[in-house]
Amino acid sequence: MPDVSLREAKRRSNPIGKSEVVMTHTFHVVVERDLETKVLVASVVELPGCYTQAHDLTELESNIREAIALYLDSDEETDIDSEYVATLSVELTK
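Within every chain, residues take consecutive numbers counted from 1 along the sequence as written. Residue-level local features of this predicted model are given only where pLDDT is at least 70; pairs of side-chain atoms are given and counted only at 80 or more, and the full residue set underlies all totals for whole chains, interfaces and linings. Side-chain figures throughout are based on the complete set of non-hydrogen atoms in the structure, without hydrogens or water.

Draft legend 1. Representation of the pattern of salt bridges within the structure. Every case where a carboxyl oxygen of Asp or Glu lies within 4 Å of a side-chain nitrogen of Lys or Arg is listed as a salt bridge. Counting across every chain of the model gives 1 salt bridge. Between Arg65 and Glu61 there is a salt bridge, and its shortest N-O distance comes to 3.0 Å. Taken as a pair, Arg65 and Glu61 lie in helix H1 (residues 57–73) at a separation of 4 residues, close to a single helical turn. Residue burial is assigned from relative accessible area. The probe radius is 1.4 Å, only protein chains are included, and a residue is buried under 20% of its type maximum, exposed over 50%, and partly exposed in between. Arg65 sits in the partly exposed class, given a relative accessible area of 46%. For the purposes of this entry, the term helix denotes a DSSP run of H or I that reaches at least four residues, the term strand denotes a run of E that reaches at least two, and both are numbered from the N terminus.

Draft legend 2. A look at the side chain of Asn63. Within the element layout of this structure, Asn63 appears in helix H1. Contacts are assigned to residue pairs with any non-hydrogen atoms lying within 4.5 Å of each other. Beyond its immediate sequence surroundings of up to four residues, Asn63 is in contact with Thr52, Gln53 and Ala54.

Draft legend 3. Spotlight on a nonpolar patch on the surface. Each patch groups residues whose relative accessible area exceeds 30% and which form no salt bridge, using 9 Å between like charges and 5 Å between nonpolar side chains of Val, Leu, Ile, Met, Phe, Trp and Tyr. Accessible areas in this description were obtained via Shrake-Rupley with a 1.4 Å probe; residue shielding takes into account the shown protein chains only. A cluster of nonpolar side chains, namely Leu88, Val90 and Leu92, defines an oily patch on the protein surface of about 420 Å² accessible area. Structurally, Val90 can be placed in the segment after H1.

Draft legend 4. The nonpolar core, seen in detail. Grouped together as the largest cluster of nonpolar side chains are 12 residues: Phe27, Val29, Leu40, Ala42, Val44, Leu47, Cys50, Ala54, Leu60, Ile64, Ala67 and Ile68. Sorting the residues of this core by element identifies strand S4 (40–44) and H1 as the ones contributing at least two each. Looking at this core, the element that brings in the most residues is H1, giving 4 residues. Think of a nonpolar core as a cluster: buried Ala, Val, Leu, Ile, Met, Phe, Trp, Tyr and Cys residues, connected wherever their side-chain atoms sit within 4.5 Å.

Draft legend 5. Focus on the sheet that holds S4. Pairing between two strands is assigned when DSSP locates at least 2 bridges connecting them. In spatial order, the strands read S3-S4-S5; together these 3 strands make up an open sheet with antiparallel pairing. What marks the edges here is a single partner per strand, and that holds for strand S3 (29–33) and strand S5 (51–54). Across the sheet, the axes of successive neighbouring strands diverge by a mean angle of 20°, strand direction being ignored. To get an axis, a line is fitted to the C-alpha atoms, and for a helix only the part in contact is used. The angle between two axes follows their N-to-C directions and goes from 0 to 180 degrees. Each of S3, S4 and S5 touches H1; the most contacted strand, S5, lies at about 155° to it.

Draft legend 6. Focus on H1. Between the first and last C-alpha of H1 there are 24 Å, a value that for 17 residues agrees with the 24 Å anticipated at 1.5 Å per step. Buried within H1 we find Leu60, Asn63, Ile64, Ala67 and Ile68. End-on, the buried residues of H1 take up no more than an arc of 140°, which puts them together on one face. Turned more than 90 degrees from where H1 packs its buried face, Thr58, Leu70 and Asp73 sit exposed. Of the surrounding elements, those touching the buried residues of H1 are S3, S4 and S5. Looking at where H1 begins, the residue whose side-chain oxygen comes 3.1 Å from the main-chain nitrogen of Thr58 is Asp56. An expected span of 1.5 Å times one less than the residue number is assigned to each helix. Here the arc refers to the directions that run from the helix axis out to each C-beta atom. Polar contacts here mean pairs of N or O atoms no more than 3.5 Å apart (in protein, one a potential hydrogen donor and the other a potential acceptor; neighbouring residues in sequence count only if both atoms are side-chain atoms).

Shown next, in the form of structure tokens:
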């Protein structure tokens, strides 16, 4: 799944031929598998409470794109106040 933290402006033509500026947002999505149900769960690092689930990665990507769009279209303030830094794997031996 691609990173969904960069913002860039793009120009594109709308259906009536006028040029408009479109903002593209990239968000970081964490994907986990529930060991009990085997369902994939995705959450968006920059958008607290924005998550979804699915049985395969194709469906999960579609679902998380829809969840992000709904989150951004909601009436609530959507200030992105965090920055994705990294994912770490930490091994501990006891």
